[in-house]
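# Fold and geometry: a report
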Amino acid sequence: MPMNRAHRKLCSSEEWARTTKERLLPWALEHVDLGEDVLEIGPGYGANLRVLVDQVPRVTAAEIDEGTARLLQDKWGDRARILHADGARLPLSEGDFDSVVCFTMLHHVPTSAHQDGIFTEAYRVLRPGGVFAGSDSLDSFRFRVLHLGDTRNTLDPGTLAERLRRAGFAEVSVDRHAEANALRFRGRRE
Ligand SMILES: C[S@@+](CC[C@H](N)C(=O)[O-])C[C@H]1O[C@@H](n2cnc3c(N)ncnc32)[C@H](O)[C@@H]1O
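A few words now on the overall build of the protein. Looking only at helices and strands, one finds seven helices and seven strands in the protein. Tracing the protein from N to C terminus, the helices and strands come up as α-α-β-α-β-α-β-β-α-β-α-α-β-β. Its C-alpha atoms give the protein a radius of gyration of 15 Å, within 12% of the compact-globule value 16 Å for 190 residues. Based on the C-alpha atoms only, the size of the protein along its principal axes is roughly 40 × 40 × 30 Å. Counting all 190 residues of the protein, 37% fall into the buried class. At a minimum sequence separation of 6, the contacts of the protein that also span at least 24 residues come to 63%.

This is the structure:
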């Protein structure tokens, strides 16, 4: 689902890249060991990808929007493997990754069943011991305005842990950021 113009402008801005790098990622990945092989689902314009390529030896990114995947390939294709793919149908083998991450993208996935499909695929492509971690925004008035005409399927913090467990994850945690109106989650493939 393409994003509206204001939203695209924000997601591709230096301001968003800075916010992600300095505030969002350190919180979302606190105490998370990404290992040697990380997969990012829904990288958008690469605000997180550009940080991950400096932190992890091998980075793969799966982006559903073809034009965005092409932009990423042009910009980061020499440092990351870019796939034009749905995170719920990954063209990847089982157990290839030490970590799978996604940030500020699950609310763009139109149905809960599709989100659950992403959780199941994240689990499948992780090695035993691997971690699935990420964060997303919660609903607010500003968030609704930003998403006028866009998909806005925000996660319910009350049911997310159970959904991750149903996808197979152990050691699941979900917690909210006091000020940022966001949640972060973790789960491990045993
Ligand atoms: C709001 S952007 C966030 C991008 C980036 N994670 C960030 O924080 O800047 C959401 C991105 O997720 C992508 N996306 C949505 N559904 C997806 C899916 N099922 N698989 C892979 N990417 C998806 C969208 O095309 C878009 O580029």
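So, next bit.
Once that is clear, we can look at unusual backbone geometry. The phi angle at T104 is positive, at roughly 50°, despite the residue not being glycine. Within the secondary structure layout, T104 lies in the loop between β4 (97-103) and α5 (112-125). Given 20 C-beta atoms within a 10 Å radius, T104 is considered buried.

Here we take up the site of the ligand. In the vicinity of the ligand lie 21 residues, with G42, G44, I64, G87 and M105 positioned nearest. Partitioned by chemical class, the residues of the shell around the ligand number 10 nonpolar, eight polar and three charged.

Owing to its 3.6 residues per turn, the α-helix aligns residues three or four sequence positions apart on the same side. End to end, α5 covers 20 Å across 14 residues, agreeing with the expected 20 Å (1.5 Å per residue, within 8%). Turning to α5, its buried residues are Q115, I118, F119, E121, A122 and V125. Viewed end-on, α5 has its buried residues packed into an arc of 165°, placing them on one side of the element. Looking at the packing, one finds that the buried side of α5 touches β1 (37-41), β4, β5 (126-137) and α7 (160-166).

Inspection of the secondary structure assignment puts T19 in helix α2 (residues 14-28). Along the sequence, T19 and A47 sit 28 residues apart, while their C-alpha atoms lie 9.1 Å from each other.

To continue, consider the pairing of β5. The element β5 is largely enclosed, with a buried count of nine among its 12 residues. Here β4 runs beside β5; their pairing, made up of six bridges, is parallel. Each bridged residue has a counterpart across the sheet, and for F97 the counterpart in β5 is L126. Since β4 and β5 lie parallel, the crossover through α5 that links them has a hand, and here it is right-handed. In the sheet, β5 pairs with strand β7 (residues 182-188) via seven bridges, with the strands oriented antiparallel. Bridging from a neighbouring strand, S137 pairs with A182 of β7.

A word on the nonpolar core. Counting 41 residues, the largest nonpolar core has A61 and V100 as its most contacted members. Looking at this core element by element, the count peaks at five residues for β4. Setting aside residues no more than four positions away along its own chain, A61 makes contact with E40, P43, L49, L72, A80, I82 and L83.

Let us now look at the sheet that holds strand β2 (residues 58-63). Read from one edge to the other, the open sheet built from seven strands follows the order β3-β2-β1-β4-β5-β7-β6, with strand pairing classed as mixed. On the outer flanks of this sheet lie β3 (81-84) and β6 (170-177), each paired with one strand and no other. Strand-to-strand twist of the sheet, defined as the mean angle between neighbouring strand axes without regard to direction, takes the value 15°. Relative to β7, β6 runs antiparallel, the two sharing six bridges. Looking across to β7, one finds that R176 is bridged to L183. Of the strands in this sheet, β4, β5, β6 and β7 touch α2, which is tilted by about 135° from β5. The strands that helix α4 (residues 66-76) touches are β2 and β3; relative to β3, the one it contacts most, it runs at about 170°.

About the criteria used
- Residues numbered from 1 in each chain as written.
- Predicted model: local features only at pLDDT ≥ 70, side-chain atom pairs only at ≥ 80, totals over all residues.
- Helix = DSSP H or I, 4+ residues; strand = E, 2+ residues; numbered from the N terminus.
- Rg over C-alpha atoms; globule rule 2.2 N^0.38 Å.
- Buried ≥ 20, exposed ≤ 12 C-beta atoms within 10 Å, placed from the backbone.
- Contact = placed C-beta atoms within 7 Å.
- Near = placed C-beta within 6 Å.
- Nonpolar A, V, L, I, M, F, W, Y, C, P; charged D, E, K, R; others polar.
- Expected span 1.5 Å × (residues − 1).
- Arc of directions from axis to C-beta.
- Pairing = 2+ DSSP bridges.
- Right-handed = clockwise from strand over helix to strand, strands pointing away.
- Core = buried A, V, L, I, M, F, W, Y, C linked by C-beta atoms within 7 Å.
- Axes fitted to C-alpha atoms, helices over the stretch in contact; angles between N-to-C directions.

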